[in-house]
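In case you want the letters, here they are:
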Amino acid sequence: MSAAEVRGPRADAVRNRDQLLAVATRMFVSAGTEPSMRAIAREAGVGIATLYRHFPTRESLVDAVYRDQVGRLTAGARELLGRLPPAAAMRRWMDLFGDWIATKNGMLDTLLAMVESGEIAHARTRTELLAAITTILDAGRAAGDLRSDVTAEDIAASLIGIFTVAPRPGQEAKAGRLLDLLLDGLRPRREI
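One structure accompanies this document, and this report is about it. Nothing here was measured: the structure is a model prediction, and the numbers come from that model.

Rules and cut-offs
Residues numbered from 1 in each chain as written. Predicted model: local features only at pLDDT ≥ 70, side-chain atom pairs only at ≥ 80, totals over all residues. Heavy atoms only, no water. Helix = DSSP H or I, 4+ residues; strand = E, 2+ residues; numbered from the N terminus. Buried < 20%, exposed > 50% of the residue type's maximum accessible area, 1.4 Å probe, protein only. Contact = heavy atoms within 4.5 Å. Areas by Shrake-Rupley, 256 points an atom, 1.4 Å probe, with all protein chains shown as cover. Lys, Arg positive; Asp, Glu negative; His and termini not counted. Charge placed at Lys NZ, Arg CZ, Asp CG, Glu CD. Salt bridge = Lys/Arg side-chain N within 4 Å of Asp/Glu carboxyl O. Axes fitted to C-alpha atoms, helices over the stretch in contact; angles between N-to-C directions. Parallel < 35°, antiparallel > 145°, perpendicular 65-115°, else oblique. Left-handed = near helix turned anticlockwise from the far one by under 90°. Nonpolar A, V, L, I, M, F, W, Y, C, P; charged D, E, K, R; others polar. Expected span 1.5 Å × (residues − 1). Arc of directions from axis to C-beta. 1 Å grid on protein atoms, 1.4 Å probe; cavity = no way out; pocket = protein on both sides within 12 Å on 5 of 7 lines; lining within 4 Å. Points joined across faces, edges and corners; volume = space filled by probe spheres on them.

Things to note about the overall build of the protein chain
- A count of helical and extended segments in the protein chain gives 10 helices and zero strands.
- Counted from the first residue to the last, the protein chain has its helices and strands arranged as α-α-α-α-α-α-α-α-α-α.
- Overall, the protein chain is about 70 × 40 × 30 Å in size when its C-alpha atoms are taken along their principal axes.
- Here the protein chain, with 192 residues, has 39% of them falling under the buried criterion.
- Contacts in the protein chain between residues at least 24 apart in sequence constitute 66% of all its contacts with a sequence separation of at least 6.
- Accessible surface, the protein chain as shown: approximately 10600 Å² in total, 53% of it carbon and sulfur.
- Here the protein chain contributes 26 positive and 24 negative side-chain charges, whose respective centroids are spaced 4 Å apart.

With respect to the pattern of salt bridges
- Evaluation of the coordinates by the stated rule reveals 10 salt bridges.
- Asp95 serves as the salt-bridge partner of Arg92, at 3.8 Å between the closest nitrogen and oxygen. With a gap of three residues between them, Arg92 and Asp95 both fall in helix H6 (residues 86-104), about one helical turn apart.
- Accessibility expressed as a relative area gives 35% for Arg92, which makes it partly exposed.
- We classify Asp95 as buried; its relative accessible area is 19%.
- Arg147 is the partner of Asp149 in a salt bridge, and the nearest nitrogen-oxygen pair spans 2.7 Å.
- The class of Asp149 is partly exposed, set by a relative accessible area of 47%.
- Among the charged side chains, a network of salt bridges with common partners joins Arg91, Arg92, Asp95 and Asp180.

So, the packing of helix H2 (residues 11-30) against helix H3 (residues 37-44)
- As a packed pair, H2 and H3 sit with axes 9 Å apart at the nearest point and diverge in direction by 120°. Considering the angle they form, H2 stands oblique to H3. Crossing geometry of H2 relative to H3 is assigned as right-handed. Contact with H2, carried on its side by Gln19, Leu20, Val23, Ala24, Arg26, Met27 and Phe28, involves Ala39, Ile40, Ala41, Glu43 and Ala44 of H3 and no other residues of that element.
- In terms of residue class, the contact of H2 with H3 is made up of nine nonpolar, one polar and two charged.

Focus on helix H8 (residues 122-143)
- End to end, H8 covers 32 Å across 22 residues, agreeing with the expected 32 Å (1.5 Å per residue, within 8%).
- Buried within H8 we find Thr125, Leu129, Leu130, Ala132, Ile133, Ile136, Leu137 and Gly140. Around the axis of H8, the buried residues are gathered within 155° of arc, so they sit on the same side. Exposed residues lying more than 90 degrees from the buried face of H8 are Ala123, Thr127 and Ala142.
- On its buried face, H8 is in contact with helix H5 (58-83), H6 and helix H9 (152-165).

Some points on the layout of surface pockets
- In this structure, the largest pocket encloses a volume near 310 Å³.
- If you trace the largest pocket, you find 17 residues lining it, with Phe97, Trp100, His122, Leu129 and Ile160 closest to the centre.
- For the lining of the largest pocket, the secondary-structure elements that each account for two or more residues are H6, H8 and H9.
- Along the lines of polarity and charge, the residues of the lining of the largest pocket split into 11 nonpolar, three polar and three charged.
- In this model, the second largest pocket occupies a volume close to 190 Å³.
- Looking at the lining of the second largest pocket, the elements with two or more residues in it are H2, H5 and H6.
- No other element matches H6, which puts five residues into the lining of the second largest pocket.
- When grouped by side-chain class, the residues that make up the lining of the second largest pocket number six nonpolar, three polar and four charged.

As structure tokens, then:
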């Protein structure tokens, strides 16, 4: 192994990769159709060769963005609980979920083809997301913040429904209102 391989990637290479991921994510959110690789490189301020050095195919870029977003969701549950009460963490996590759904808009064709071919394990992603929801639910139940009869599957199905009728970008206000209503429904019922 060479000294360069032991040290890892250069700082500028790491910055370029991070910048490409951030730009691709932003462009996937705002695009009606999948943006070209050239447009992503241009927006990131790098040459097309730099983009292809990091992501040799569109699929590798979509995979990296998808995994980055799933990682943000799963780590986000723990991070949010570290600084917010469980109900507030759940509401903020719902926004992160909406961001993830919106990101998929501009890469949907490639993503669906990758799921179909088995390149992305949809079942694994589902398991990771349900575990993140369960982490917040469990903390909320322990704190008396969230109902004990709600499952992670209930919340996931509700979120998918909300973002189907109020897709982002474009309907953030409506989505926010529906998410607030969902959170209100997750609070424990008061005895009358």
